[in-house]
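# What the coordinates show
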Amino acid sequence: TLSRFLRASPEKVFRAWTQGEALKRWFGPSDAMTIVIADVDPRVGGRYRIVMRAPDGEEHRVGGVYREVTPPSKLVFTWAWESTPERESLVTVSIAPAEGGAELTLVHERFADDAARERHNQGWLGTLDRLARDLA
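Attention in this report is confined to the structure presented alongside it. Bear in mind that the values here come from a model prediction, so they are computed numbers and not experimental data.

### What to know about the sheet that holds strand S6 (residues 89-98)
Strand order in the open sheet formed by seven strands is S1-S7-S6-S5-S4-S3-S2, and the pairing between neighbours is antiparallel. Each having just a single partner strand, strand S1 (2-6) and strand S2 (34-40) make up the two edges of the open sheet. The sheet shows a mean angle of 20° between the axes of neighbouring strands, taken without regard to direction. In terms of strand pairing, strand S4 (residues 59-70) meets strand S5 (residues 74-81) through six bridges, oriented antiparallel. If you follow Val-62 over to S5, its bridge partner there is Trp-81. Contacts from helix H3 (residues 114-135) reach S1, S5, S6 and strand S7 (101-109), with the element oriented near 10° to S1.

### Points about unusual backbone geometry
Across the junction of Pro-71 and Pro-72, the peptide omega takes the value -10°, indicating a cis bond. Here Pro-72 shows up in the loop between S4 and S5. Here the phi dihedral of Arg-110 falls at roughly 70°; this positive angle occurs in a residue that is not glycine. Among the structural elements, Arg-110 can be located in the loop between S7 and H3.

### Overview of the pairing of S1
Taking every second residue as pointing to the same face, the buried face of S1 carries Leu-2, Arg-4 and Leu-6, while none of Ser-3 and Phe-5 on the other face is buried. Judged from the five bridges that link them, S1 and S7 form a sheet pairing that is antiparallel. Within S7, the position partnered with Leu-6 by the bridge is Ala-102.

### Things to note about empty space enclosed by the protein
Over the atoms rolls a probe the size of a water molecule, and in doing so it shows where empty space is left. Enumeration according to the criterion identifies one cavity of 30 Å³ or more in this entry. Its boundaries defined by the atoms lining it, the largest cavity holds a volume of some 80 Å³. Around the largest cavity, the lining residues are Trp-17, Leu-23, Phe-27, Val-40, Tyr-48, Ile-50, Tyr-66, Leu-75, Phe-77 and Trp-79. Secondary-structure elements contributing two or more residues to the lining of the largest cavity are strand S3 (47-53) and S5.

Here is what the cut-offs are and how they apply
Note on numbering: residues in each chain are counted from 1, in written sequence order. Given that the model is predicted, a residue must reach a pLDDT of at least 70 before its local features are reported, and side-chain atom pairs must reach 80 or more before they are shown or counted; all residues, however, enter totals for whole chains, interfaces and linings. With hydrogens and water excluded, all non-hydrogen atoms of the structure serve as input to the side-chain values. Strands pair, by our definition, only if DSSP identifies at least two bridges between them. Starting at the N terminus, helices and strands are each numbered in turn, a helix being any DSSP run of H or I of at least four residues and a strand any DSSP run of E of at least two. Only C-alpha atoms enter the line fits that serve as axes; for helices the fit covers just the stretch in contact. Angles between N-to-C directions range over 0 to 180 degrees. Two residues form a contact once any of their heavy atoms are found within 4.5 Å. Exposure categories follow from relative accessible area, calculated using a 1.4 Å probe and restricted to protein chains: below 20% of the type maximum is buried, above 50% is exposed, and the middle band is partly exposed. Cavity means a closed set of points on a 1 Å grid over the protein atoms alone, one where a 1.4 Å probe fits but cannot get out, pocket means an open set with protein on both sides within 12 Å along at least 5 of 7 lines, and lining means a residue has an atom within 4 Å of a point. Grid points are joined across faces, edges and corners, and a volume is the space filled by probe spheres set on the points.

What follows is the structure, given as structure tokens:
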């Protein structure tokens, strides 16, 4: 579970998560990672697919299905790397109004093991840093 105050309205934060062109600007664990594909269909049962490219050219592909879409306050979606589709986990993004912006809480759960949880924790920390900069 990670929380972050963002200097943007809940509506703007929600759009950052649900529009492909917006995702391309900020998604990924570091500035070195480029988003080459961000296909999103933000509706219950809709799918998303994100392809990240590392500086060495290696690509990391993740995708899933939206389970809940409640603008502008909540997104719930499955998360699985294309290389390990059997290791599906669940991400919940909650966005609440706060003075001067919004409070985002991200819960990522149902990991296959502790090592995967720690890798994703580090990735999400960098990703949320990038989101905060994009929305500032």
